[in-house]
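So you can see what is in the structure, the chains are spelled out below.
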Amino acid sequence: MNEKKHPFGSSFEAFFYPAVLLVSMWLVFWAEHLFRYDFHRLGVLPRSLEGIKGILFMPFIHSAYDIAHIVNNSMPVFFLLAALIYFYRDIALRVFLFGWLFTGLFLWIYAQNKGAYHIGMSGIIYMLAAFLFTSGVIRKFKPLQAISLFIIFAYGSMVWGIFPL
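These notes cover the structure that comes with them.

So, how was this worked out
Residues numbered from 1 in each chain as written. Predicted model: local features only at pLDDT ≥ 70, side-chain atom pairs only at ≥ 80, totals over all residues. Heavy atoms only, no water. Patch = residues over 30% accessible without salt bridge, like charges linked within 9 Å, V, L, I, M, F, W, Y side chains within 5 Å. Areas by Shrake-Rupley, 256 points an atom, 1.4 Å probe, with all protein chains shown as cover. Salt bridge = Lys/Arg side-chain N within 4 Å of Asp/Glu carboxyl O. Helix = DSSP H or I, 4+ residues; strand = E, 2+ residues; numbered from the N terminus. Buried < 20%, exposed > 50% of the residue type's maximum accessible area, 1.4 Å probe, protein only. Core = buried A, V, L, I, M, F, W, Y, C linked by side-chain atoms within 4.5 Å. Contact = heavy atoms within 4.5 Å. Axes fitted to C-alpha atoms, helices over the stretch in contact; angles between N-to-C directions. Parallel < 35°, antiparallel > 145°, perpendicular 65-115°, else oblique. Left-handed = near helix turned anticlockwise from the far one by under 90°. Nonpolar A, V, L, I, M, F, W, Y, C, P; charged D, E, K, R; others polar. Expected span 1.5 Å × (residues − 1). Arc of directions from axis to C-beta.

Observations regarding a nonpolar patch on the surface
Part 1 of the reasoning: Residues Phe98, Phe102, Leu105, Phe106, Ile109 and Tyr110 make up a contiguous nonpolar surface patch of about 640 Å² in total accessible area.
Part 2 of the reasoning: If you trace the backbone, Phe102 turns up in helix H4 (residues 92–110).
Part 3 of the reasoning: By relative accessible area, which is 45% here, Phe102 ends up partly exposed.

Here you go:
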């Protein structure tokens, strides 16, 4: 049988890969809680050699003492990554990996160094939201523009999170 390919990608992939990322985040969270090991030291420590490893590990690490952090990161990263994979299948991996490395490197270079480790998936969430919105607007393709409008509606208030309190 000749199956008709969806113009964007596979629904299975759009669900599977974000689910794997989410499960990985939660496994690290529960391992930290269960084994009482401070994984936060694997986060980004700005402008220090010790903190470079955090560029890779930071998104998986969330405070074991504050479940709200991982809960607040879970839904946006799942939805935004699923949208990226579904609508931009051909470039999704490159966008995601570039965004992962760029946000970590940007944080390592520009964050204030007060001896604090930076952890969590927030940088990637901001990058995914920015990419999906901007690309939807630039491409002028109605389904992608609809996703852009939904991103603004659902995550538009995230812009306030980039400003220091």
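There is more to say after this.
Some points on the nonpolar core
Part 1 of the reasoning: In this structure, Leu80, Leu84, Phe96 and Leu128 are the most contacted members of the largest nonpolar core, which totals 31 residues.
Part 2 of the reasoning: Elements represented by at least two residues in this core include exactly helix H1 (11–35), helix H3 (67–87), H4, helix H5 (122–139) and helix H6 (142–155).
Part 3 of the reasoning: The greatest single-element share of this core, amounting to ten residues, is contributed by H3.
Part 4 of the reasoning: Not counting residues within four places of it along the chain, the set of residues in contact with Leu84 comprises Arg89, Ala92, Val95, Phe96, Leu128, Phe131 and Leu132.

Focus on the environment of Phe78
Part 1 of the reasoning: Along the polypeptide, Phe78 turns up in helix H3.
Part 2 of the reasoning: Placed 64 residues apart in sequence, Phe78 and Ala14 show a C-alpha to C-alpha distance of 9.3 Å.
Part 3 of the reasoning: What Phe78 contacts, discounting residues up to four positions off in sequence, is Phe15, Pro18, Ala19 and Leu22.

Some thoughts on the packing of H5 against H6
Two packed helices can be described by the angle between their axes and the distance between those axes.
Part 1 of the reasoning: Close contact between H5 and H6 brings their axes to 8 Å; oriented N to C, the two are set at 140°. Taken together, the axes of H5 and H6 are oblique relative to one another. Relative to H6, H5 is oriented so that their crossing is left-handed. Residues Ala129, Leu132, Phe133, Gly136, Val137 and Arg139 of H5 touch H6, and the partners they reach there are Leu144, Gln145, Ser148, Ile151 and Ile152.
Part 2 of the reasoning: Residue composition of the contact of H5 with H6, grouped by class: seven nonpolar, three polar and one charged.

A short note on H6
Part 1 of the reasoning: With 14 residues, H6 extends 19 Å between its outermost C-alpha atoms, agreeing within 8% with the 20 Å of an ideal straight helix rising 1.5 Å per residue.
Part 2 of the reasoning: Among the residues of H6, those classed as buried are Leu144, Ile147, Ser148, Ile151 and Tyr155. The arc that holds the buried residues of H6, viewed along the axis, is 105°, so those residues lie on one side. Those residues of H6 that are exposed and aimed more than 90 degrees away from the buried face are Lys142, Leu149 and Phe153.
Part 3 of the reasoning: Against H3 and H5 lie the buried residues of H6.

Distances and angles like these do not, on their own, reveal function.
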